[in-house]
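Take a look at the letters that make up each chain.
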Amino acid sequence: MPSGTISHLKDLDYSVVQQCMHCGLCLPTCPTYVATKNERNSPRGRIALMRAIADGDLEVSRAFGEEMYFCLGCLACMSACPAGVNYAELFEHARAEVETAGVLGTPKRNLIRAFAIKWLFMDLRRLQLAGRALLLYQQLGLQTVLRTSGVLKLLPRRLRELEAITPKIQEHFSSDLIPPLLAATGQKRFRVAMLTGCAQDLIFSDINRDTVEVLARNGCEVLTPPEQHCCGSLHAHNGEWALAQDLARRNLDQFPPAAFDAIVTNAGGCGSHLKHYSHLLNDDAEYRERAALWDRKVKDIHEWLAEIGVRPPPTEQPIRIVTYHESCHLSHGQKVVNQPRQLLRAIPELQLVELPESSWCCGSAGVYNITQPEMAEELLERKLRHIGSTGANIVATGNPGCLLQLINGARVRGMQLKVVHPVSLLAEAYRANQGIPANV
Ligand code: SF4
Ligand code: SF4
């Protein structure tokens, strides 16, 4: 790395860099280590590499970069670690180090990153435009024609795989479904802001609608501005530290935390990042304090409902068996473990069956299923096998990446499996009381 260039790992607080005591207790919880049994693919091995770079004993190399991108960032190692190693912080700085050094740069990779991370996700109006183009392609039947005609077989394998996981774009985005201000049903108890997300807004806007509806039914007045910003987790997890800071500032400007009792997200991956804006803006005197208040106000929807108490829906539906897959960033990142189960148990007609290895990564991990398809597929297979063993025909999970991964996995395998967000099950249970049938 040229002298004078920022080194994210060398500049990182050394107490974070040297926390690991090499005990190895995290190894059996790390999906990449369990798959390969290579020390370098383990949390301990990766931390040793990061520390060697911070200490100046190792140069940032292509091999180091590839290792950092082979890591899922699932944070299972953090849950297992008795020493409290902050792997999340190390991981983000390590990837930023890789990008600053440019060791993985190729013209193709640089172009994709410039388009997706630095342009598309920096302004959600662009993303919505891309979403509408994709919707048109799907509505005109072009996707169906391509899939049934055999034309796709002519494409390179990688492109075929990417086409197969193209999400179904919703006809209506969140701003079409949710008013900017929704009054609480009955007595107002809280004022909250709702973050509609980026991909979530295009692919799962119905879940956003369900979330807002559930909030209102539980005494919340909900502010949902139609134009919002990406939370920046995509940027932080892919080494674009400055862009992540920029997006954090935009969110803080749009949602002054002092104006709300809570700032609610229903996406586990986003929430895990949103709760650490103070760490991201630690050196910014103008935003530091606001960011600290923001971190305290950001709540995952399950967490917030558990805090304020869920109004139980009446029993109107036949008993259905559901199992629950934990999003890594909801369970390991945010430690929101019991609340989603409480929410599901609050729905009288649901019978919750525990999923073996429920907090083991499904392979989605942001864009991991695109960048590391083999490992992602191995993890998906393992997850779907466990889901099948529960006998449930509904799996609930609180993160759009996991939802999409499981929907695609079940579709490709012809599994009769409904994949839903827990809050949608609750919204349906409330609606059933009004004679509107549940659609799962
Ligand atoms: S984040 Fe996940 S994949 Fe990466 S080292 Fe930790 S447990 Fe392993
Ligand atoms: S990360 Fe934690 S659990 Fe893993 S080796 Fe280091 S101290 Fe032990």
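Up top is the structure.
The rules behind the values
- Residues numbered from 1 in each chain as written.
- Chains lettered and ligands numbered in written order.
- Predicted model: local features only at pLDDT ≥ 70, side-chain atom pairs only at ≥ 80, totals over all residues.
- Heavy atoms only, no water.
- Helix = DSSP H or I, 4+ residues; strand = E, 2+ residues; numbered from the N terminus.
- Polar contact = N/O pair within 3.5 Å; in protein donor to acceptor, adjacent residues only side chain to side chain.
- Near = heavy atom within 4 Å.
- Nonpolar A, V, L, I, M, F, W, Y, C, P; charged D, E, K, R; others polar.
- Buried < 20%, exposed > 50% of the residue type's maximum accessible area, 1.4 Å probe, protein only.
- Contact = heavy atoms within 4.5 Å.
- Pairing = 2+ DSSP bridges.
- Axes fitted to C-alpha atoms, helices over the stretch in contact; angles between N-to-C directions.
- Salt bridge = Lys/Arg side-chain N within 4 Å of Asp/Glu carboxyl O.

J.: Would you mind going over the side chain of E97 in detail, with residue names and values included?
T.: Note on placement: E97 falls in helix 6 (residues 87-101). A polar atom in the side chain of E97 sits 2.8 Å from the backbone nitrogen of H8. Engagement of the side chain of E97 in a polar contact is seen with the backbone nitrogen of L9, the distance being 2.7 Å.

J.: Residue-level account of the site of ligand 1, with values.
T.: In the vicinity of ligand 1 there are 13 residues, among which C30, R46, C71, C74 and C77 approach most closely. Elements supplying a minimum of two residues to the shell around ligand 1: helix 2 (31-36), helix 3 (43-54) and helix 5 (76-80). Class assignment for the residues of the shell around ligand 1 results in 10 nonpolar, two polar and one charged.

J.: Run through the side chain of N238, naming residues and quoting values.
T.: Mapping N238 onto the fold places it in the loop between helix 14 (233-237) and helix 15 (241-254). Residue classification places N238 among the buried residues on the basis of a relative accessible area of 6%. A distance of 2.7 Å separates the side chain of N238 from the backbone oxygen of L234, its partner in a polar contact. Ignoring any residue separated from it by four or fewer positions in sequence, one finds N238 in contact with Y69, R95, E99, R113, I117 and V367.

J.: Just give me the short version of the sheet that holds strand 3 (residues 220-223), but keep the residues and values in it.
T.: Read from one edge to the other, the open sheet built from five strands follows the order 1-3-2-4-5, with strand pairing classed as mixed. Each of the sheet's edge strands pairs with one partner strand only, and the pair in question is strand 1 (181-182) and strand 5 (298-300). Two elements, strand 4 (residues 262-265) and strand 5, share three bridges in a ladder whose sense is parallel. Paired with V264 across the strands is K299, a residue of strand 5. This element, helix 13 (residues 205-217), spans strand 1, strand 2 (190-194), strand 3 and strand 4 of the sheet and lies at about 145° to strand 3. Sheet strands in contact with helix 19 (residues 301-308) are strand 2, strand 3, strand 4 and strand 5, and its direction is about 95° off that of strand 5.

J.: Give me unusual backbone geometry: which residues, what numbers.
T.: Although it is not a glycine, H22 sits at a positive phi angle of roughly 65°. By secondary structure assignment, the location of H22 is in the loop between helix 1 (14-17) and helix 2. The exposure class of H22 is partly exposed, given its relative accessible area of 48%. The residue K335 is not glycine, and still its phi comes out positive at about 60°.

J.: An account of the site of ligand 2 is needed here, citing residue identities and associated values.
T.: Not every one of the 13 residues close to ligand 2 is listed here, only the nearest: C20, C23, G24, C26 and C81. Residue classes in the shell around ligand 2 are distributed as 10 nonpolar, two polar and one charged.

J.: Give a description of the sheet that holds strand 7 (residues 350-353) that names residues and reports values.
T.: Strand order in the open sheet formed by four strands is 7-6-8-9, and the pairing between neighbours is parallel. Of all the strands in the sheet, the pair left with one neighbour each is strand 7 and strand 9 (418-420). Averaged over all pairs of adjacent strands, the angle between strand axes in this sheet comes to 30°, irrespective of strand direction. Relative to strand 7, strand 6 (residues 320-324) is paired through four bridges, and the arrangement is parallel. When the sheet's bridge partners are listed, I321 is paired in strand 7 with Q351. Lying on the sheet, helix 21 (residues 338-345) is in contact with strand 6, strand 7 and strand 8 (394-396); it crosses strand 7 at an angle near 145°.

J.: So what's going on with the pairing of strand 2? Residues and values would help.
T.: Both strand 2 and strand 3 contribute to a ladder of four bridges, which runs parallel. Looking at the pairing, R191 lines up with E221 of strand 3. Alignment of strand 2 against strand 4, held across three bridges, turns out to be parallel. Within strand 4, the position partnered with V192 by the bridge is A262.

J.: Which residues make up the environment of L352, and what values go with them?
T.: Within the secondary structure, L352 is located in strand 7. On a C-alpha basis, the gap between L352 and I394 in space is 9.8 Å, while along the polypeptide they are 42 residues apart. Those residues in contact with L352 that sit more than four places away from it in its chain are V322, T323, Y324, R341, L344 and R345.

J.: Tell me about the pattern of salt bridges, and please be specific about residues and values.
T.: Tallying each qualifying case throughout the model produces 27 salt bridges. Between K299 and E307 there is a salt bridge, with its nearest N and O atoms 3.2 Å apart. For K299, a relative accessible area of 14% puts it in the buried group. The residue R320 makes a salt bridge to E349 at a minimum N-O spacing of 3.6 Å. Of this pair, R320 sits in strand 6 while E349 sits in the loop between helix 21 and strand 7; the two residues are 29 residues apart in sequence, bridging distant segments of the chain. Judged by its relative accessible area of 12%, R320 is buried. Each of the salt bridges in this network shares a partner with another, and the network as a whole consists of E99, R109, R113, K118 and E240.

Everything listed here is a matter of coordinates, which is why it stays silent on function.
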